[in-house]
Amino acid sequence: EPEVTQTPSHQVTQMGQEVILRCVPISNHLYFYWYRQILGQKVEFLVSFYNNEISEKSEIFDDQFSVERPDGSNFTLKIRSTKLEDSAMYFCASSVARGYEQYFGPGTRLTVT
Amino acid sequence: AQSVSQHNHHVILSEAASLELGCNYSYGGTVNLFWYVQYPGQHLQLLLKYFSGDPLVKGIKGFEAEFIKSKFSFNLRKPSVQWSDTAEYFCAVPSTGTASKLTFGTGTRLQVTL
């Protein structure tokens, strides 16, 4: 069964450093998403991506964040200058169509020290 | 904006007990609804979904949910839980926006004891 994959599984970085989280969505899906889950809290939406552009973003997704689909298979989330409060589990998800179920990757645990 | 409420934050049950987890959503129009499960140390997995039709939907591992439009509810049920059902359960609703981001409830941590 096709699945969403994410790398790395765990990333430790120092405050102020740039990180890139990578995702490979399911191949025939058209909608891509990033969510994050701070320890003990609920899953929060960050950004959605469709037709090679951002379709929606949350207030969390400020100028420090960016997304890209560089080669038709990968979907990346970049944080330019990490802060302590960016420490969280970041999940990538994809969906075949708008409003349909989203399939989640295993997540990247980002730890900012 | 769409919102989702899960009123049970932590539920402890013995094996073979019946389960019902509440979920209420705010949007009154046509809505798709999902339950996701997150087993310890694992990622979110789709448990079941409702798009239209029969309001009683069946999912994986013996779970079912009932959509009651008049109550804006989509409660998750299982007649007899197993120890392996220990997990966190999230109700989710897609927004009506461009790409239908999911809005999640706060989750219910289910602990099943032997």
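Basis of the calculations
Residues numbered from 1 in each chain as written. Chains lettered and ligands numbered in written order. Predicted model: local features only at pLDDT ≥ 70, side-chain atom pairs only at ≥ 80, totals over all residues. Heavy atoms only, no water. Contact = heavy atoms within 4.5 Å. Buried area = accessible area lost by both parts, 1.4 Å probe. Salt bridge = Lys/Arg side-chain N within 4 Å of Asp/Glu carboxyl O. Helix = DSSP H or I, 4+ residues; strand = E, 2+ residues; numbered from the N terminus. Nonpolar A, V, L, I, M, F, W, Y, C, P; charged D, E, K, R; others polar. Disulfide = S-S within 2.5 Å. Buried < 20%, exposed > 50% of the residue type's maximum accessible area, 1.4 Å probe, protein only. Phe/Tyr/Trp six-rings, centres within 6.5 Å; stacked < 30°, edge-to-face > 60°.

**Q** Looking at this structure, how should I read the interface of chain A and chain B?
**A** Listed per partner, the contact involves 19 residues of chain A and 22 residues of chain B. Buried surface at the junction of chain A and chain B, summed over both partners, amounts to about 1,900 Å²; 57% is from carbon and sulfur atoms. Where chain A packs against chain B, one counts two salt bridges. K101(B) serves as the salt-bridge partner of E56(A), at 3.6 Å between the closest nitrogen and oxygen. Broken down by element, the side of chain A that touches chain B gets its largest block of residues, four residues, from strand 4 (residues 31–37) of chain A. Broken down by class, the residue content of the side of chain A that touches chain B amounts to nine nonpolar, six polar and four charged.

**Q** Quick question: what am I supposed to make of the state of the cysteines here?
**A** Such a bond, covalent and formed between the sulfur atoms of two cysteines, is termed a disulfide. Counted by the stated rule, this structure contains two disulfides over all chains. Disulfide pairing places C23(A) opposite C92(A) at an S-S distance of 1.9 Å. On the sign convention where negative is left-handed, the bridge of C23(A) and C92(A), at about -60 degrees about the S-S bond, is left-handed. Taken as a pair, C23(A) in strand 3 (residues 19–24) and C92(A) in strand 9 (residues 88–95) lie far apart in primary sequence, 69 residues in all. Of the two residues examined, C23(A) and C92(A), each falls in the buried class. Bridging C23(B) to C91(B), the disulfide has an S-S length of 1.9 Å. Residues C23(B) and C91(B) are joined through a disulfide that is left-handed, its torsion about the S-S bond being -60 degrees. Residue C23(B) is found in the loop between strand 3 (19–21) and strand 4 (24–25), and its partner C91(B) is found in strand 10 (residues 87–94); the two are separated by 68 residues along the sequence. With respect to class, C23(B) is no different from C91(B); both count as buried.

**Q** Looking at this model, I keep getting lost on the side chain of S48(A). Mind explaining?
**A** Structurally, the position occupied by S48(A) is in strand 5 (residues 43–50). Judged by its relative accessible area of 0%, S48(A) falls in the buried class.

**Q** Sorry, what's going on with the packing of aromatic side chains here?
**A** Two descriptors summarise a pair of aromatic rings, namely the distance from one centre to the other and the angle between the planes of the rings. Tallied over the full model, the rule gives 22 aromatic pairs over all chains. Note on Y31(A) and Y50(A): the rings are 4.2 Å apart at their centroids and 5 degrees apart in plane angle, and the pair reads as stacked. One end of the pair, Y31(A), is in strand 4; the other, Y50(A), is in strand 5, with 19 residues separating them in the sequence. Residue class for Y31(A) comes out buried when judged on its relative accessible area of 9%. Its relative accessible area of 31% is what places Y50(A) among the partly exposed residues. Between F90(B) and F104(B), the ring centres sit 6.2 Å apart and the planes meet at 90 degrees, which makes this aromatic pair edge-to-face. One end of the pair, F90(B), is in strand 10; the other, F104(B), is in strand 11 (residues 102–104), with 14 residues separating them in the sequence. As far as the burial class goes, F90(B) and F104(B) line up, both buried.

The values reported here are purely geometric and, on their own, carry no functional implication.
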